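Listed here are the chains, written in short residue letters.
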Amino acid sequence: MSNFRQRGRENNAKVFLNDFNQSKSSSYFVSIGNAVTSSTASSSRFADCVETDQYTWDNMFVMNEIFRTDVSLMIKKIDWISGTRYEAFDKSKNQYELNEKFYAYNNTNNSVYLCLASPENENAFSTYAPTSETIEPEIKQDGYTWKFLYKLSDIDLEKFDYPGFIPVKEIGTDLYTDERILQQNVQANTIRGAVEAIDVVVQGSAYNGAVNANFENAFYAIQSVVQETGEDGTVSLSVIVDDALQELNKTQNFYKDKYVINFENGYTAVLDGSGFNNNGDFQIDICTDQIVQFGPTGTLPPTTVQFRILPAIKIIGNGNDAWAIPTLDAAKKLTKIKMLKIGSNYSYAEARILVSNGTVLKPIIGLNGLTSDITQILGAKHVMISKKIKPVTTLSESDPVIYSLPENIGLVYEGPQYKNVITPNTFYTQLALIKSPKILNEDNLEEIAGTQIIEVREMVLDAINPKITITIGTAQNPYVNPNDFFEVNDIIVRGPDNLPDQFRAKITDVMVTGFSTILVCDLINGAFETYSGYKIKNLKETTETIDDSFFIFLDCDNNCSKAIKVQYENTFLQTDFINDDSVYGTVSYETAEIKQPLTGYAYVNPLYPTKAKIKVNNPGTGFIPARYEDGEYIPGEIITSIVTVENQTRAVTRGTLVSISDPIEYIGEQTLGYSYILECVIDRDGIDTAFELVNSDNISLETNTLIRQGTTGSLGKIIRVGIPSGTGDANIVYLYVNNYNGPFYADGQTKIYKINSLYEPTEYVDMKMTVQNILYQPKLVRYSGNLLYINDVGPVQRKLENTENIKLLVEFWGNHDI
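Note that this is a predicted model, so its numbers are computed, not measured.

Reading guide: rules and limits
- Residues numbered from 1 in each chain as written.
- Predicted model: local features only at pLDDT ≥ 70, side-chain atom pairs only at ≥ 80, totals over all residues.
- Heavy atoms only, no water.
- Helix = DSSP H or I, 4+ residues; strand = E, 2+ residues; numbered from the N terminus.
- Buried < 20%, exposed > 50% of the residue type's maximum accessible area, 1.4 Å probe, protein only.
- Pairing = 2+ DSSP bridges.
- Phe/Tyr/Trp six-rings, centres within 6.5 Å; stacked < 30°, edge-to-face > 60°.
- Core = buried A, V, L, I, M, F, W, Y, C linked by side-chain atoms within 4.5 Å.
- Contact = heavy atoms within 4.5 Å.
- Patch = residues over 30% accessible without salt bridge, like charges linked within 9 Å, V, L, I, M, F, W, Y side chains within 5 Å.
- Areas by Shrake-Rupley, 256 points an atom, 1.4 Å probe, with all protein chains shown as cover.
- Salt bridge = Lys/Arg side-chain N within 4 Å of Asp/Glu carboxyl O.
- Axes fitted to C-alpha atoms, helices over the stretch in contact; angles between N-to-C directions.
- Polar contact = N/O pair within 3.5 Å; in protein donor to acceptor, adjacent residues only side chain to side chain.
- Lys, Arg positive; Asp, Glu negative; His and termini not counted.

Draft legend 1. Region of the structure containing the overall build of the protein. Along the backbone of the protein there are six helices and 52 strands. When the 818 residues of the protein are sorted by exposure, 50% land in the buried category.

Draft legend 2. Representation of the pairing of strand β48 (residues 764-776) within the structure. Two elements, strand β43 (residues 676-682) and β48, share six bridges in a ladder whose sense is antiparallel. Note on β48: the bridge partner recorded for E679 is N773. Relative to β48, strand β47 (residues 751-755) is paired through four bridges, and the arrangement is antiparallel. Bridge pairing in β48 places K754 opposite V765.

Draft legend 3. Seen up close, the packing of aromatic side chains. For the structure on display, the rule yields 18 aromatic pairs. Where Y86 meets Y144, the ring centres are 6.5 Å apart and the plane angle is 85 degrees; that geometry is what we call edge-to-face. Of this pair, Y86 sits in the loop between β4 (71-76) and β5 (103-106) while Y144 sits in the loop between β7 (138-139) and β8 (145-151), and the two are 58 residues apart along the sequence. Across this residue pair, the class does not change: Y86 and Y144 are buried. Among the aromatic residues, those joined into a ring-pair cluster are W57, Y674 and Y783.

Draft legend 4. Highlighting the nonpolar core. Core analysis: the largest hydrophobic core is formed by 60 residues, its most contacted members being F16, I75, Y103, V112, L114, Y150 and L378. Residues within four places of Y150 in sequence aside, it is in contact with I75, N110, S111, V112, I166, P167, V168, Q183, I374 and L378. Formed by 45 residues, the second largest nonpolar core is a distinct cluster that contains F263, L271, L310 and V355.

Draft legend 5. Quick look at helix α4 (residues 180-188). Of the residues making up α4, those classed as buried are L182, Q183, Q184, V186 and Q187. At its buried positions, α4 is contacted by β8 and α5 (374-377).

Draft legend 6. Here's a closer look at a nonpolar patch on the surface. Taken together, the side chains of V201, V202 and V360 present a nonpolar region at the surface, about 180 Å² in accessible area. Mapped onto the fold, V360 is located in strand β21 (residues 360-366).

Draft legend 7. Main features of the sheet that holds strand β6 (residues 111-117). Pairing in this open sheet of four strands is antiparallel, and the strands run β5-β6-β8-β7 from one edge to the other. With one partner strand each, in any of the chains shown, β5 and β7 form the two edges of the open sheet.

Draft legend 8. Representation of the pattern of salt bridges. According to the stated counting rule, one finds 15 salt bridges in the structure shown. The residue K77 makes a salt bridge to D79 at a minimum N-O spacing of 3.9 Å. K77 gets classed as partly exposed once you look at its relative accessible area, which sits at 38%. D79 sits in the partly exposed class, given a relative accessible area of 29%.

Draft legend 9. Structural detail: the sheet that holds strand β44 (residues 705-709). Taken in spatial order, the six strands of this closed barrel run β43-β46-β45-β44-β47-β48, and their pairing is antiparallel. Between one strand axis and the next, the sheet turns by 50 degrees as a mean value, whatever way the strands run. Sheet analysis places strand β45 (residues 714-722) next to strand β46 (residues 732-739), joined by six bridges and oriented antiparallel. Residue pairing in the sheet places G722 in a bridge with Y734 of β46.

Draft legend 10. Region of the structure containing the side chain of S344. Within the fold, S344 resides in strand β19 (residues 334-344). Exposure remark for S344: the relative accessible area of 18% places this residue in the buried category. Those residues within four positions of S344 in sequence are excluded, and the remaining contacts are I191, R192, G193, A194, G319 and N320.

Draft legend 11. Quick peek at the environment of A475. Mapped onto the secondary structure, A475 falls in the loop between β27 (467-472) and β28 (491-494). When the C-alpha positions of A475 and G514 are compared, they lie 8.5 Å apart, and in sequence the two are 39 residues distant.

Draft legend 12. Structural detail: unusual backbone geometry. Positive phi is not limited to glycine here, since F215 has a value of about 55 degrees. Take F215: it is sitting in the loop between β10 (194-202) and β11 (224-226). Overall, the relative accessible area of 18% leaves F215 in the buried class. At N465, a residue that is not glycine, the phi angle is positive and equals roughly 50 degrees. For N465, the location among the structural elements is in the loop between β26 (454-462) and β27. Residue classification places N465 among the exposed residues on the basis of a relative accessible area of 59%.

Draft legend 13. Quick look at the environment of D156. Residue placement: D156 occurs in helix α3 (residues 154-159). Accessibility expressed as a relative area gives 12% for D156, which makes it buried. Remark: the alpha-carbon pair of D156 and D70, spanning 86 residues in sequence, is separated by 9.8 Å. In terms of polar contacts, D156 uses its side chain to reach the side chain of K169, at 3.1 Å.

Draft legend 14. Looking closely at the pairing of β10. Counted residue by residue, β10 has seven buried out of nine residues, so it is predominantly covered. Relative to β21, β10 is paired through seven bridges, and the arrangement is antiparallel. Note that in β21 the partner of A194 across the bridge is G366.

Draft legend 15. Examining the environment of K754 more closely. Mapped onto the elements of the fold, K754 is located in strand β47. Here the alpha-carbon distance between K754 and R708, two residues 46 residues apart in the chain, equals 6.5 Å.

Draft legend 16. Broad picture of the side chain of K717. Position of K717 among the secondary structure elements: in strand β45. Buried charge without a partner: K717 forms no salt bridge, and the closest opposite charge is D58, 5.1 Å away. Once residues within four sequence positions are removed from consideration, K717 is found in contact with D58, N59, N704, T705, L706, Y736, V737, N738 and Y740.

As structure tokens, then:
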């Protein structure tokens, strides 16, 4: 027997996730069962054996299909907290298993950072939070160096919220427009074999030969540069030394080979010597072939900027071009290392300071690029399954118009038979993960559930030739276009600068009233909003930026919408698409069946009235979307639909196609009831009898009761019982029954009996009820598929309320024969 290595556990977790990305030859479902009505009720753990599989199936209530969007890799949540010690990433240890804090999650910007360097002093705590979202390491004043890894979306934080863990994604080469592009940038810009950082293992004593270590003295600046090209290619820099700067008056060639000169604007170079020249000026000789331009371009360090002299760091290894300089404190002691160039192609490296004083350094190398796979360096070996439980009519509050994905709808309960079955007082102690259960199809043949699928994609349509009228200024805040700032044919865009394509329009008419300016525009892209702080940038009539200018709303500090109003023409309406069955591309002539949204919701986002997002089934690949060519927006092909109104069929132009997504979901067997739902008529007086099925809260107390249906001989176990409230029929009860042999029948006459044992079904007691309707007859094949995970241990019950998720955290860990 041997332990699976960390990489093996990570691989197993990813293999499990990738199974959702493959062709639908298999499927995964999460099931619930074993209902109890007490939050303190518990059940015993069952052995990992075949009998436990049978017990789980026998007590199963319903199962819901899991999609790729319901699954995520997870890592331990290590919050960044001021005053905490964090350890530098160390590839010689399994820091994840050692529970070392080698990365941190900043909850103020939902971002995760790798600690590249931390102070040698064990009592040196982090006091400056990492905040950067760029690919460059972030060096903090407290001696810590952090590297941004990825940013979590609010949706993932909500969906995969689990105590002590946070989600992490595998990022591919897709074109992302959300937070994932930041992680993609980090992973794509990693360099194979780069020295990502150098950790200070031992600080050492002070470097007394250093000069102006923190740019604190403006007298240290080059007064003039004399370039002399000698046989060794050196450049002589003549520095006029003030009488107060005596620390530069070292012994001849004191700085040779062991120190570097670093200028405040980024230039760094190896010192080839120092001393007084014939004019009595202190002269510093620099090797020009070893100048690092960590900043502006040019061939020589400029005059007037400050310089400092620091002990040189030598990086020795089998790679090339790694450069670093030390950072010293006021006492000239080393606090951290700043990488000027991280180099490439190192598989081993040693770093040391050439001035010997006891300092010990340790390079951090990414063999394949340190951040080429973020999930690997973070040790992701946990997978979380999060399946939402909510009614079909509930939409996401954060996106109320673009309707929820079907895979997030969860278990759907509509109709009186579901009342008092899923309630705040109901707990399910059994959760199970099942791979590829089977169903009986229409031909009574077995097939894997959830594999008969229809691909669903999202189409985004743009209105054709939309126009917009923008009125700037009110009687209280007038604006009358001074100096003809806005003119016909000007191109205007809406800020902020980091979102330049959110809105773009061409002015076709300008009208000025007594207190306002009216701009009539052809809308090129986007939709205009008047959120506080936004600006209009007028590109004028050219694409050059020299005459670009901002027009800032006059009352932006208060409320921009008070000074501007917008009216759209030729845009989508809330009622569009409701009667459509399909859309057509006029170039491709492909068709796509529209997947209607939930009742009461439309396809058009009111914040972007020029765009509509529709879901379509099996659209094919022939549609031609919009694109940009040389910065110019080219609309997609025209999309039409066929509408039947008052028995008249006609084609209606819907807009131009902006984009069509890859498959975003699969429609299949999403929810599978495992139980029969029997609508029964009670034929007894009152409810307080020996066969009472429900308590005063209408919740079953008789789960696991074995029953037989009259002369049919059908055997089953009652999983749940519910009496619908407000139906006006006190004689109706709903039984959720898992059957053991033949099917149940509805004839209104055959009675239901309580039996003591499946092996003695003839010993029974009349329950005085008959089945008058079969509301659901399960298609699932009993005991099919593989039960991969079972949680049947109290008091870990799951209270299934309308908005709660089923959440399972699976750790891929254990001993395996290898």
